[in-house]
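The lines below spell out each chain.
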Number of protein chains: 2
Amino acid sequence: MTSLRSTKADKGRLPAAASGTAPAVILVEPQLAENIGTTARAMMNCGLSDLRLVDPKEDWLSDRALAASSGAERILERAQRFTTTEEALADREVVYATTARRREMVKQVMTARAAAAHMRDEVAGGRRVGLLFGRERSGLTNHEVALANIVIEVPLNPEHSSLNLAQAVLVVGYEWFQAAYEGPQSMTTLNRARLADKETLEGLFQHLEEELVICGFLRNDEKRPSMVINIRNMLQRAELTEQEVRTLHGIVKELRYGRRPDRPKRQPGYSADD
Amino acid sequence: MTSLRSTKADKGRLPAAASGTAPAVILVEPQLAENIGTTARAMMNCGLSDLRLVDPKEDWLSDRALAASSGAERILERAQRFTTTEEALADREVVYATTARRREMVKQVMTARAAAAHMRDEVAGGRRVGLLFGRERSGLTNHEVALANIVIEVPLNPEHSSLNLAQAVLVVGYEWFQAAYEGPQSMTTLNRARLADKETLEGLFQHLEEELVICGFLRNDEKRPSMVINIRNMLQRAELTEQEVRTLHGIVKELRYGRRPDRPKRQPGYSADD
């Protein structure tokens with residue numbers, strides 16, 4: 001193991017979000033090389049790149065660590081080793097400590113979500129932020145928690161709230177990433193397709209209803225209006241694309257006429273080319 | 001491997017949130033026993049318990065799987081095995097498929113957060129929900145994605161968005177749990193302590209300021225008002241408890257007088273017992 005690797009080196013393939021202002025991840029005495037590797041992977045997922053190891057018990061550049069990092073080798077290569085937690089935090093201004101159990105301390109406690117919004121504000125204000133994670137088995141000591149400004153407690157099943165190291169990093173990093181996500185929360189993937197406009201839908205409804213009258217499905221005059229409304233609602237709900245409307249015109253036509261001799265050249269009320 | 005284990009058995013240690021209405025987690029052809037185990041652990045963290053395995057490639061009750069589950073053995077013991085994805089989804093009404101890459105399909109896509117709110121609504125309405133996760137290496141086929149109502153895409157670093165299987169389950173399960181979390185997002189842990197009221201704080205300010213005048217720190221009459229305001233703001237910001245105010249009274253007293261012979265029996269403006 002080497003000590004105090006530079007973080008000033010070429011950023012190369014590291015994510016854009018992982019500039020010098022993104023939070024540093026500090027692991028206190030991690031026991032297993034795999035956990036350091038999977039932590040690096042989780043950091044890469046979340047746009048974090050500054051990994052600091054306090055007295056790690058295994059080599060973070062071992063084959064096991066590199067394999068577990070699954071593409072985040074650069075984060076391991078540029079990780080810094082420190083002897084004490086105080087040294088690892090020395091250049092940080094605001095530190096968040098993740099703990100599984102409540103301490104007998106008077107301390108600001110936040111969920112991972114609230115902490116993410118808080119740290120985005122701090123980083124936007126130019127603050128240097130650190131995220132402190134404890135040992136796999138025993139977590140952080142009270143002395144180490146007291147080095148932090150804020151404690152993060154992740155709301156989880158109270159009967160089984162203990163996350164493994166990389167999963168804790170993932171949850172906090174995930175929230176960090178979400179706090180800057182500005183894309184849609186919900187959308188329909190349209191690709192090259194466009195949703196059918198109401199005139200196009202009306203053409204399909206009329207085509208279908210005319211054929212359903214002819215074939216006998218809508219033979220009951222009394223029930224017909226409510227059945228028509230049910231059918232229209234069902235098809236409205238499907239949010240059909242123009243291509244899907246063309247497909248349904250074809251399906252109605254083929255079901256109705258197939259290869260029968262009375263098949264018309266063109267459907268009434270249906271003017272699409274296909 | 002046995003097939004179609006019952007889910008009707010005694011729920012025993014399983015979390016309260018994991019009733020029959022919580023979403024089922026369906027893993028399609030998981031390759032590694034460890035990943036099934038860590039998935040069970042992530043489910044336990046998030047109050048999920050209905051695990052379904054479609055043609056798993058390793059034994060989900062092997063020592064490796066059980067060790068990786070880290071306390072969630074019951075979820076593995078009660079997991080159900082299915083031959084096809086269709087069978088595993090047969091009793092589900094609404095299915096969410098998690099994918100890393102966008103498909104050439106017209107499909108509703110949601111973030112994990114939006115999907116969690118959506119599935120909470122569905123479950124509240126009595127719907128049976130399933131969460132579909134693909135193979136470690138190749139994910140879900142287009143045919144499998146088409147079995148789902150909604151696709152979940154987790155917003156992550158676009159250059160490295162691939163999560164491992166248990167981490168994907170954790171993120172979706174974490175959001176499922178957060179969507180029902182009603183506790184505070186941010187709080188100060190008070191334990192048995194109470195925040196000092198303003199009268200108590202005023203007593204501390206006056207005690208400190210009187211001693212600072214006597215000892216000479218506030219000797220400059222012109223600068224004194226702004227220095228007093230700065231000191232008061234600094235102490236206000238600390239959100240002191242009653243006990244901490246008592247401690248600070250003691251610190252001021254000892255710093256000022258220590259074992260000096262002029263040490264008064266009682267501080268001016270300080271009426272606390274300690």
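Scroll up a little and you will see the structure.
Please read these numbers as outputs of a predicted model, since none were measured by experiment.

Visitor: An account of the interface of chain B and chain A is needed here, citing residue identities and associated values.
Guide: The interface is formed by 58 residues belonging to chain B together with 58 residues belonging to chain A. In total, about 4,700 Å² of surface goes out of reach between chain B and chain A, with carbon and sulfur atoms giving 49% of it. In this assembly, chain B and chain A are joined by two salt bridges. With its nearest N and O atoms 2.7 Å apart, the salt bridge here joins Arg113 of chain B to Glu175 of chain A. In this structure, the connection of chain B to chain A is made through 22 residue pairs in polar contact (both at pLDDT 80 or more). Looking at the side of chain B that touches chain A, the elements with two or more residues in it are α1 (33–45), β5 (107–110), α5 (112–124), α7 (165–178) and β8 (186–189) of chain B. For the side of chain B that touches chain A, the leading source of residues is α7 of chain B, giving eight residues. Partitioning the side of chain B that touches chain A into residue classes produces 27 nonpolar, 20 polar and eleven charged. Alignment of strand β5 (residues 107–110) of chain A against β8 of chain B, held across four bridges, turns out to be antiparallel. Across the sheet, residue Lys107 of chain A finds its bridge partner in β8 of chain B, namely Thr189 of chain B.

Visitor: How would you explain the sheet that holds strand β6 (residues 129–133) of chain A if you had to name every residue and give the values?
Guide: Here eight strands make up an open sheet; going across it, the order is β3(A)-β2(A)-β1(A)-β6(A)-β4(A)-β7(A)-β5(A)-β8(B) and the pairing mixed. With partners counted over all chains shown, the strands left at the sheet margins are β3 (80–82) of chain A together with β8 of chain B, one partner each. Along the sheet, successive strands turn relative to each other by an average axial angle of 30°, direction set aside. Two strands pair when backbone bridges link them, and strand β4 (residues 94–98) of chain A and β6 of chain A are joined in this way by four bridges, in the parallel orientation.

Visitor: Any details on the packing of helix α7 (residues 165–178) of chain A against α7 of chain B? Residues and values, ideally.
Guide: For any two helices packed against each other, one specifies the inter-axial angle together with the distance between the axes. Two elements in contact, α7 of chain A and α7 of chain B, have axes whose closest approach is 11 Å; the angle formed by their N-to-C orientations is 55°. When the interaxial angle is binned, α7 of chain A and α7 of chain B end up oblique. Crossing of α7 of chain A over α7 of chain B shows right-handed handedness. Two secondary-structure elements touch here, α7 of chain A through Ala166, Gln167, Leu170, Val171, Tyr174 and Glu175 of chain A and α7 of chain B through Ala166, Gln167, Leu170, Val171, Tyr174 and Glu175 of chain B. The residue inventory of the contact of α7 of chain A with α7 of chain B, partitioned by class, reads eight nonpolar, two polar and two charged.

Visitor: Outline the relation of the copies chain B and chain A, listing residues and values.
Guide: Expressed as a screw transformation, the operator carrying chain B onto chain A has a rotation angle of 180° and an axial translation of 0.0 Å, and the superposed copies differ by an RMSD of 0.1 Å. Given the turn and translation reported, the copies of this chain are related as if by a two-fold rotation axis. Residue by residue, 100% of the interface of chain B is reproduced at the interface of chain A, so both copies engage with the same surface.

Visitor: Outline the packing of aromatic side chains, supporting the account with residue identities and numerical values.
Guide: A full pass over the atoms with the stated rule returns one aromatic pair over all chains. Their ring planes at 90° and their centres at 6.2 Å tell us that Tyr174 of chain A and Tyr174 of chain B sit as a pair that is edge-to-face. Placement of Tyr174 of chain A in helix α7 and of Tyr174 of chain B in helix α7 is noted, with the two residues assigned to different chains. With relative accessibility at 1%, the residue Tyr174 of chain A sits in the buried group. Cation over ring: Arg120 of chain A sits above Trp176 of chain A, and NZ or CZ is 3.4 Å from the ring centre. A cation over an aromatic ring shows up here: Arg256 of chain B above the ring of Tyr257 of chain B, its NZ or CZ 4.8 Å from the ring centre.

Reading guide: rules and limits
Residues numbered from 1 in each chain as written. Chains lettered and ligands numbered in written order. Predicted model: local features only at pLDDT ≥ 70, side-chain atom pairs only at ≥ 80, totals over all residues. Heavy atoms only, no water. Contact = heavy atoms within 4.5 Å. Buried area = accessible area lost by both parts, 1.4 Å probe. Salt bridge = Lys/Arg side-chain N within 4 Å of Asp/Glu carboxyl O. Polar contact = N/O pair within 3.5 Å; in protein donor to acceptor, adjacent residues only side chain to side chain. Helix = DSSP H or I, 4+ residues; strand = E, 2+ residues; numbered from the N terminus. Nonpolar A, V, L, I, M, F, W, Y, C, P; charged D, E, K, R; others polar. Pairing = 2+ DSSP bridges. Axes fitted to C-alpha atoms, helices over the stretch in contact; angles between N-to-C directions. Parallel < 35°, antiparallel > 145°, perpendicular 65-115°, else oblique. Left-handed = near helix turned anticlockwise from the far one by under 90°. Least-squares fit on C-alpha atoms with pLDDT ≥ 70 in both. Phe/Tyr/Trp six-rings, centres within 6.5 Å; stacked < 30°, edge-to-face > 60°. Buried < 20%, exposed > 50% of the residue type's maximum accessible area, 1.4 Å probe, protein only. Lys NZ or Arg CZ within 6 Å of the ring centre and 35° of its normal.

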